[in-house]
Amino acid sequence: MSGLNILLHSLTDDVKEQLDKGLAKLGLVTTAEQLNQLLGLLALLHKWNRAYNLTAVRDIRDMVSRHLLDSASVSPFVSGPRLLDVGSGPGFPGLVLAILNPDLAVTLVDSNGKKVRFQRQAVMELGINNVTPVQTRVETFAAGTFDQVISRAFASLGDFIGLTRALPTSEGQWLAMKGPGVEHELDTLPDDIALQAHHLLQVPYDAAQRQLLILTRKELCK
């Protein structure tokens, strides 16, 4: 039995159904291979988390909603083709977005060694060929390298832009995944950066408010 099949065998039918129905509620259609990769990622995260404390989320059903479906909810707004996931932790949202969008070239960056090791293990075991995990500080990347830069509760909007402002292309975007109460952070944006779009996200099986702020250089919003 292959490594992926062993991972899938460890999941209960109700957990598989939760993910399948959650993706359908988001309007996302997946191939059998993509669904198996997402389920394998879930099983691998649950397995590693017991030993390495990668996430404070312990219950596997909560992992479905708060990691996989939360990440998947922004997929319609991701176009790439080069996407940087800043402060990716164990690989969210980048790993999920890479699975759902095979044409994306996804770079995951985090300074935490054990989390990047998990990313690399997931890429290897699940055969995710469009992901590059990197353990470094975000300042080391060359300017204009990415079409979109995404973060999930990585920092305030002002700090997020400040740390990554040179990385998108001249027409690039920043995608900030946030919880409630983010409006006051818009006041901290640099003068040349503007809010391009604001989307409220409905994440299946999670009552918490989620939203996506898409930011770009102000001249592109005119």
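Residues numbered from 1 in each chain as written. Predicted model: local features only at pLDDT ≥ 70, side-chain atom pairs only at ≥ 80, totals over all residues. Heavy atoms only, no water.

## Considerations on the overall build of the protein
Assigned secondary structure in the protein consists of seven helices and seven strands. Reading the protein from its N terminus to its C terminus gives the helix and strand order α-α-α-α-β-α-β-α-β-β-α-β-β-β. Its C-alpha atoms give the protein a radius of gyration of 17 Å, near enough to 17 Å, the size a compact globule of 222 residues would have. A principal-axis box enclosing the C-alpha atoms of the protein has dimensions of 55 × 35 × 30 Å. Looking at the protein residue by residue over its 222 residues, the buried ones come to 53%. Relative to all contacts within the protein whose residues are 6 or more apart in sequence, the contacts with residues 24 or more apart total 68%. (Helix = DSSP H or I, 4+ residues; strand = E, 2+ residues; numbered from the N terminus. Rg over C-alpha atoms; globule rule 2.2 N^0.38 Å. Buried < 20%, exposed > 50% of the residue type's maximum accessible area, 1.4 Å probe, protein only. Contact = heavy atoms within 4.5 Å.)

## Comments concerning the sheet that holds strand β6 (residues 193-201)
Strands sit in the order β3-β2-β1-β4-β5-β7-β6 across an open sheet of seven strands; the sheet is mixed. Pairing within the sheet leaves two strands with one partner each, and these edge strands are β3 (131-135) and β6. When the angles between neighbouring strand axes are averaged without regard to direction, this sheet yields 20°. When β6 meets strand β7 (residues 210-217), the two strands line up antiparallel, connected through eight bridges. Paired with L201 across the strands is R210, a residue of β7. The strands that helix α6 (residues 113-126) touches are β2 (105-110) and β3; relative to β3, the one it contacts most, it runs at about 160°. Relative to the sheet, helix α7 (residues 157-164) contacts β1 (82-86), β4 (146-152), β5 (168-178), β6 and β7, its axis offset from that of β5 by approximately 150°. (Pairing = 2+ DSSP bridges. Axes fitted to C-alpha atoms, helices over the stretch in contact; angles between N-to-C directions.)

## Things to note about the packing of helix α2 (residues 13-25) against helix α4 (residues 60-72)
Direction vectors running N to C along α2 and α4 enclose 25°, while the axes themselves pass 10 Å from each other. The angle between α2 and α4 places the two elements in the roughly parallel class. Here α2 and α4 pass one another in a crossing that is right-handed. Judged by residue contacts, D14, V15, Q18, L19, G22 and L23 of α2 engage I60, R61, V64, S65, L68, L69 and A72 from α4. When grouped by side-chain class, the residues that make up the contact of α2 with α4 number eight nonpolar, three polar and two charged. (Parallel < 35°, antiparallel > 145°, perpendicular 65-115°, else oblique. Left-handed = near helix turned anticlockwise from the far one by under 90°. Nonpolar A, V, L, I, M, F, W, Y, C, P; charged D, E, K, R; others polar.)

## Some details on the packing of aromatic side chains
Per the counting criterion, the structure on display carries three aromatic pairs. Here the aromatic rings of W48 and Y52 are separated by 5.0 Å at their centres, their planes lie at 40°, and the arrangement is tilted. Note that W48 and Y52 are positioned in helix α3 (residues 32-52) at a spacing of four residues, about one turn of the helix. You can call W48 buried: its relative accessible area is 16%. For Y52, a relative accessible area of 41% corresponds to the partly exposed category. Summarising the aromatic geometry, the rings of F141 and F146 are spaced 5.6 Å apart at their centres and angled 75° between planes, so their arrangement reads as edge-to-face. (Phe/Tyr/Trp six-rings, centres within 6.5 Å; stacked < 30°, edge-to-face > 60°.)

## What to know about the pattern of salt bridges
Opposite charge on two side chains permits pairing when their charged atoms draw close. Following the criterion strictly, the structure yields nine salt bridges and no others. R152 is paired through a salt bridge with D70; the nearest N and O atoms lie 2.9 Å apart. Here R152, found in strand β4, pairs with D70, found in helix α4; they are 82 residues apart in sequence, far enough to count as distant. Since its relative accessible area comes to 3%, D70 is described here as buried. Ionic pairing is found between R137 and E139, a salt bridge with its closest N-O pair at 3.6 Å. The class of E139 is partly exposed, set by a relative accessible area of 44%. Residues joined in a network through salt bridges with shared partners are D70, R152, D206 and R210. (Salt bridge = Lys/Arg side-chain N within 4 Å of Asp/Glu carboxyl O.)

## Looking at the nonpolar core
L19 and L41 are the most contacted members of the largest nonpolar core, which totals 52 residues. In terms of residue count, α3 provides more of this core than any other element does, nine residues in total. Contacts of L41, omitting those with residues within four sequence positions, involve F92, L95, V96, I99, F118, A122 and L126. Core analysis: the next-biggest nonpolar cluster, separate from the first, contains 18 residues, V86, F160, W174 and L189 among them. (Core = buried A, V, L, I, M, F, W, Y, C linked by side-chain atoms within 4.5 Å.)

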